[in-house]
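Chain and residue survey
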Amino acid sequence: YDDPLLVTIHDLIHLLFPEQLNSIMKKWYAQYTFRKVAQQARTIISVSEHTKKDILERLGVEDERVTVIPNAVRHDFQPTADPAVLKRFREQYHLPSEYLLAVGIDKPHKNFDFLLKALAPLWDDGTLDLPLVFVGVDTQTGSVRKTIQALGVEARCLSCPWIDNQEMPLVYQSASLLVFPSLYEGFGLPVLEAQRVGLPVVASNAASIPEVGGSHGALYFDPTDRDACRQAMTAALKDSQLRESLIRAGRENEQRYSWERSAEMLVRVYKGLSPYR
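Summary of the structure given here.

Parameters and conventions
- Residues numbered from 1 in each chain as written.
- Predicted model: local features only at pLDDT ≥ 70, side-chain atom pairs only at ≥ 80, totals over all residues.
- Heavy atoms only, no water.
- Helix = DSSP H or I, 4+ residues; strand = E, 2+ residues; numbered from the N terminus.
- Rg over C-alpha atoms; globule rule 2.2 N^0.38 Å.
- Buried < 20%, exposed > 50% of the residue type's maximum accessible area, 1.4 Å probe, protein only.
- Contact = heavy atoms within 4.5 Å.
- Areas by Shrake-Rupley, 256 points an atom, 1.4 Å probe, with all protein chains shown as cover.
- Lys, Arg positive; Asp, Glu negative; His and termini not counted.
- Charge placed at Lys NZ, Arg CZ, Asp CG, Glu CD.
- Polar contact = N/O pair within 3.5 Å; in protein donor to acceptor, adjacent residues only side chain to side chain.
- Phe/Tyr/Trp six-rings, centres within 6.5 Å; stacked < 30°, edge-to-face > 60°.
- Expected span 1.5 Å × (residues − 1).
- Arc of directions from axis to C-beta.
- 1 Å grid on protein atoms, 1.4 Å probe; cavity = no way out; pocket = protein on both sides within 12 Å on 5 of 7 lines; lining within 4 Å.
- Points joined across faces, edges and corners; volume = space filled by probe spheres on them.
- Core = buried A, V, L, I, M, F, W, Y, C linked by side-chain atoms within 4.5 Å.
- Nonpolar A, V, L, I, M, F, W, Y, C, P; charged D, E, K, R; others polar.

A look at the overall build of the chain
- Assigned secondary structure in the chain consists of 12 helices and 9 strands.
- Its C-alpha radius of gyration of 20 Å places the chain within 12% of the 19 Å reference for a compact globule of 277 residues.
- The dimensions of the chain, computed from C-alpha atoms along their principal axes, are 65 × 45 × 30 Å.
- Out of the 277 residues belonging to the chain, those deemed buried represent 49%.
- Counted over contacts in the chain with a minimum sequence separation of 6, partners at least 24 positions apart contribute 69%.
- If you sum the accessible surface of the chain, you get close to 13900 Å²; carbon and sulfur atoms cover 52% of it.
- Looking at the chain, you have 31 positive and 35 negative side-chain charges, and the mean spots of the two groups are 3 Å apart.

This is the structure we're talking about:
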């Protein structure tokens, strides 16, 4: 492509976690594509400062060629004020009235095996009674299924592999806590989605997650430390003042992001692209 080129890079997962690519061809394709983008793009957009840092370090791109334009929660992602709507939703998906929520796909960097191993002792000794609901993961297949079976926690884990976009706010609003243990995110939109509907967030302190979630908008933990994860979950569930603080700070943090502001930033970038090299 010979004209001025603008490319958005959401993350460098394919380079940072190459073991997740199951063929030599995919690994080669990822390396080739990122290398060509680094060589040819007039401007690269990243969705977070952390992703920009990764781009500068791993692709050798000059700082002035990378612009950060964050994601945001869409306008219609809103909580409902009608308890009957939530009740019908839970009945439709066979969900309990209270549960822990994990959102993401069944990939190793999402760190769901770690989460299950952190939760198992709390379930075993009765410290925690809430089940864990996965959205985006089929607990009947894949690595998550193997971990669930190995730990013997089948009765504690529920799955909604696919939920329509329009119903996603209800998933969050029906939950007691979002637990987001990811090892790496280019952005981490589920954190903002939870904050939008007033759901407290316990999240990993890795990669872009604290940047996006805000310094007080979530309770953060080391995603390699199960005890820290357990302590954070227990505190967020049992300390009512902490919960209210997380809800309030989360809502304030989420308002920092909007698609209008991001669109205005993107327009300025396009206007700055000269037709001449």
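Concerning the side chain of Ser 182
- Tracing the backbone through its elements, the reader meets Ser 182 in the loop between strand S7 (177-180) and helix H8 (189-197).
- Note on Ser 182: relative accessible area 1%, which makes it buried.
- Side-chain polar atoms of Ser 182 contact the side chain of Glu 185, separated by 2.7 Å.
- Residue contacts for Ser 182: discarding those within four places in its chain leaves His 109, Lys 110, Asn 111, Ser 204, Ala 206, Ile 209 and Pro 223.

Focus on the packing of aromatic side chains
- Summed over all chains, the structure comprises 7 aromatic pairs.
- Where Phe 112 meets Phe 134, the ring centres are 5.3 Å apart and the plane angle is 75 degrees; that geometry is what we call edge-to-face. Of the two residues, Phe 112 is situated in helix H5 (residues 112-124) and Phe 134 in strand S5 (residues 132-135); the sequence distance between them amounts to 22 residues.
- Exposure remark for Phe 112: the relative accessible area of 4% places this residue in the buried category.
- Between Phe 114 and Phe 221, the ring centres sit 6.3 Å apart and the planes meet at 15 degrees, which makes this aromatic pair stacked. Taken as a pair, Phe 114 in helix H5 and Phe 221 in strand S9 (residues 219-221) lie far apart in primary sequence, 107 residues in all.
- Residue Phe 114 is classed as buried on the basis of its relative accessible area of 9%.
- Look at Phe 221 and you get buried, because its relative accessible area is 2%.

Comments concerning helix H10 (residues 226-238)
- End to end, H10 covers 18 Å across 13 residues, agreeing with the expected 18 Å (1.5 Å per residue, within 8%).
- All of the buried residues in H10 are Cys 229, Arg 230, Ala 232, Met 233 and Ala 236. Around the axis of H10, the buried residues are gathered within 165 degrees of arc, so they sit on the same side. Facing away from the buried surface of H10 by more than 90 degrees, the exposed residues are Gln 231 and Lys 238.
- Considering only its buried residues, H10 is in contact with H5, S7, strand S8 (201-204), S9 and helix H11 (240-254).
- Two or three places before Asp 227, at the opening of H10, Asp 225 has a side-chain oxygen 3.1 Å from that residue's backbone nitrogen.

Remarks on empty space enclosed by the protein
- Within the structure shown, the criterion is met by 1 cavity of 30 Å³ or more.
- By volume, the largest cavity is sized at about 40 Å³.
- Contributing to the lining of the largest cavity are Leu 122, Thr 127, Leu 128, Met 233, Thr 234, Leu 237 and Lys 238.
- Counting residues per element, the lining of the largest cavity draws most heavily on H10, at 4 residues.

Section: the nonpolar core
- Counting residues in each nonpolar core, the largest one holds 33 residues, and the members touching the most others are Tyr 99, Leu 101, Val 135, Val 171, Tyr 172, Leu 178 and Leu 199.
- Contributing elements (two or more residues each) for this core: helix H4 (83-92), strand S4 (100-103), S5, helix H7 (168-174), S7, H8, S8 and helix H9 (209-213).
- The contacts of Leu 101, once residues within four sequence positions are left out, are Leu 132, Val 133, Val 135, Val 171, Tyr 172, Ala 175, Leu 177, Leu 178, Val 179 and Leu 199.
- Counting residues in each nonpolar core, the second largest holds 29 residues, with Leu 132, Phe 221, Ala 232 and Ala 236 among its members.

Observations concerning the layout of surface pockets
- In this structure, the largest pocket encloses a volume near 830 Å³.
- Along the walls of the largest pocket sit 37 residues, with Gly 104, Ile 105, Lys 110, Glu 185 and Pro 190 positioned nearest its centre.
- Elements that contribute at least two residues to the lining of the largest pocket include exactly helix H1 (13-16), H7 and H8.
- If one sorts the elements of the lining of the largest pocket by residue count, H8 sits on top with 3 residues.
- Of the residues in the lining of the largest pocket, the class split is 19 nonpolar, 11 polar and 7 charged.

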